[in-house]
Amino acid sequence: MRAIKANLLLDAKGLSCPMPIVKTKKAMKDLEAGQVMEVQATDKGSKADIQAWANSSGHQYLGTLEEGDALKHYLRKASEEDTVERNHPVTATNDELESNLDKDIVVLDVRESAEYAFNHIPDAVSIPLGELEERMNELNKEDKIYVVCRTGSRSDLAAQKLAENGFLNVLNVLPGMSNWTGKTTKLDG
Amino acid sequence: MAVNRMTAHEVTQKIIDKRELFILDVRNEDAFEDWKIEGENIEYLNIPYFELLDGVDEIFEKIPSNKDILVVCAKEGSSVMVAEMLSGAGLNVSYLQGGMKAWSEHLEPVKVGDLKDGGEIYQFVRIGKGCLSYMILSDGEAAIIDATRMTDIFLDFARKKAVSVTNVLDTHLHADHISGGRKLAELTGASYWLPAKDAVEVTFQYNALEDGNVVKIGKTAIEIQALHSPGHTIGSTSFVVEEKFLLSGDILFIDSIGRPDLAGKAEDWVGDLRETLYSRYKELSGDLVVLPAHFMRMEELNDDGRVAEKLDVLFTKNHGLNIEDETDFRKIVTENLPPQPNAYQEIRETNMGKITPKEEEQREMEIGPNRCAVR
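Being a predicted model, the structure only gives us computed values, none of them experimental. Every residue gets a number counted from 1 within its own chain, in the order that chain's sequence is written. All chains are assigned letters beginning with A, and all ligands numbers beginning with 1, in the order in which they are written. Local features in this predicted model are restricted to residues of pLDDT 70 or higher, and side-chain atom pairs are both shown and tallied only at a pLDDT of 80 or more, whereas totals for entire chains, interfaces and linings draw on every residue.

(A) Seen up close, the pairing of strand 13 (residues 214-217) of chain B. Residues and elements named next belong to chain B. Three exposure classes are used. Buried residues have 20 or more other C-beta atoms within 10 Å of their own C-beta, exposed residues have 12 or fewer, and partly exposed residues fall in between, all C-beta atoms being placed from the backbone. Helix and strand definitions here come from DSSP, where helices need a minimum of 4 consecutive H or I residues and strands a minimum of 2 consecutive E residues; each element is numbered from the N-terminal end. With burial as the criterion, only one face of strand 13 is covered, namely that bearing V215 and I217; the residues V214 and K216 on the opposite face remain uncovered. Alignment of strand 13 against strand 14 (residues 222-228), held across four bridges, turns out to be antiparallel. Bridge pairing in strand 14 links V214 to Q225. Strands were regarded as paired on the criterion that DSSP finds at least two bridges between them.

Listed below in structure tokens is the structure:
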């Protein structure tokens, strides 16, 4: 799997329970909402525990990669995005996107690369919201672009930004990956 | 207040004596739901350790002051942390040494009976996982039956008893735990016996166990007579020791019977299982003491910690031996079975010698209850 970007790397290798979680919890404080942390650990039990801890503390557990004896866990810090007001006027539901997947459209996934890596719609293009400004030229202004994120907030900002820059046919997909029931894939080795 | 260390052996004694114990299990909820320390007078509280990183104030009032308190986690580390926090708050608590890992690997040797000319038979109760192994001693020699992978414990015991291990036997190809049989045979030079019909795919040398084989232990010759009793596996074999004991493997337990589905052949083997239990076992003496390879519930332990009962008692009390109608029987043992044991396919392959996982992986594979039975 290609390198997954993380805002913070925590090395908990060689530490045994409870230290990987103790350190993760502490490091989470230094992260901004919506940022991604990579936790490297060798304690096999950390996989189940970090998932359970993330669930109970409201953070997003994205997935774990195994590389030899080392585990790389990816977490995204809880954000308030669910409550953000949405402004882009043109929207599509998950179902509408799903029924159009075989058409001539572009699916743009603006979540962090770590979120995309573990679960995304097949053939979706990955440009995290934070990189959209500089990578917009990778997209075609005439294409019909369905913008997707986890809950529809980041994709709303991305859709507005694209529209401001002359993209003609941009739809914000609601709610997005959090309720996606169609096909997905993940990056593999 | 003090933080004390409690060993798996001490916890076992408390359970056998039916003493009261309050367990604060700090593993995550799935792990606790799946498998925990069981006992008649145990009260539980399950709060994952990561919920307690900021303090134990919230659970303090849920912990009784009049009972022994044991904090338990997977490997020990988190339970020490939580025990220290509780101790700092003024409670007298213990943690389980080695955590559930040690619990899963603890074997408690219990004597089941005497054999002729000073011979003895011991049961090794793997209390955390419900596995039962046996050692038969006679005149300086020993046979080990259905050994678990904790081979040191058997070897230490044999050393203490000043016997040399001459024969190692498995009643069948196990699917719920990794057999220590082959390793014991390698370490001691003993012969390793496996039922031929279960061993078609094994990658190592073994002695083929067939119906009617007699294995002799010691000069006075305690006889272990093999009785082909298919049903849990196609090769499943029971052993009759000195016309006194029936080692029933995973065919017949105290309060349940073996399940026929762990090699994916439930439909094919259910007939064999019925034949074994309702015909072959019926022909045996009712005075035989049944010594199974597993127990499922703590209620199956006798007051002294042994798991043993006379065959004719089981013919009256064990529900699995009292299903008159063959269609009902078929239904009960093939439908609504409990979940299959953790990693049972990999465990079977390990026992066939096809794969050789590292010790840590073997430990992971065996996590959880054994689930070899249908009630």
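Next comes the rest of the write-up.
(B) Representation of the sheet that holds strand 12 (residues 207-209) of chain B in the model. Residues and elements named next belong to chain B. On the basis of which strands lie adjacent, the open sheet formed by seven strands has the order 6-7-8-9-10-11-12 and mixed pairing. On the outer flanks of this sheet lie strand 6 (108-114) and strand 12, each paired with one strand and no other. Sheet twist, expressed as the average angle between the axes of neighbouring strands with direction ignored, equals 25 degrees. Across five bridges, strand 8 (residues 131-138) lies against strand 9 (residues 141-145) in antiparallel orientation. Pairing of L137 across the sheet is with A142, part of strand 9. Structural elements are reduced to axes, namely lines fitted to C-alpha atoms, with helices fitted over the stretch in contact, and the angle between N-to-C directions of any two is expressed from 0 to 180 degrees.

(C) Local environment of the pairing of strand 6 (residues 106-109) of chain A. Residues and elements named next belong to chain A. As defined by bridge partners, strand 6 adjoins strand 8 (residues 144-148) across four bridges and the pair is classed as parallel. From the neighbouring strand, L108 faces strand 8, where its bridge partner is V147. Where strand 6 lies against strand 7 (residues 125-126), two bridges are found, and the strand directions are parallel. Bridging across to strand 7, L108 finds its partner in V125. Crossover handedness for the path strand 6 to helix 4 (residues 113-118) to strand 7: right-handed. With the strands pointing away from the viewer, any crossover whose connection runs clockwise from the first strand over the helix to the second is right-handed.

(D) Inspection of the interface of chain A and chain B at higher detail. By the convention adopted here, residues make contact when the C-beta atoms placed from their backbones lie within 7 Å. Across the contact, 13 residues belong to chain A and 16 residues belong to chain B. Of all elements in the fold, only helix 1 (19-28) and helix 2 (46-57) of chain A reach the threshold of two or more residues within the side of chain A that touches chain B. Ranked by the residues each element gives to the side of chain A that touches chain B, the list is headed by helix 2 of chain A, at five residues. In terms of residue class, the side of chain A that touches chain B is built from seven nonpolar, three polar and three charged. Side-chain classes follow a simple rule in which Ala, Val, Leu, Ile, Met, Phe, Trp, Tyr, Cys and Pro form the nonpolar group, Asp, Glu, Lys and Arg form the charged group, and the remainder, Gly included, forms the polar group.

(E) Seen up close, the domain arrangement of chain B. Residues and elements named next belong to chain B. Splitting chain B by domain gives domain 1 (3-103) and domain 2 (107-374). An automatic or database domain assignment supplies the start and end points of every domain. The C-alpha centroid of domain 2 is placed 32 Å from the C-alpha centroid of domain 1. At the interface, eleven residues of domain 1 touch ten residues of domain 2. Of all the secondary structure elements, the ones that give two or more residues to the side of domain 1 that touches domain 2 are helix 1 (8-16) and helix 5 (99-105). With four residues, helix 1 is the largest single contributor of residues to the side of domain 1 that touches domain 2. Class assignment of the residues belonging to the side of domain 1 that touches domain 2 gives a composition of four nonpolar, three polar and four charged.

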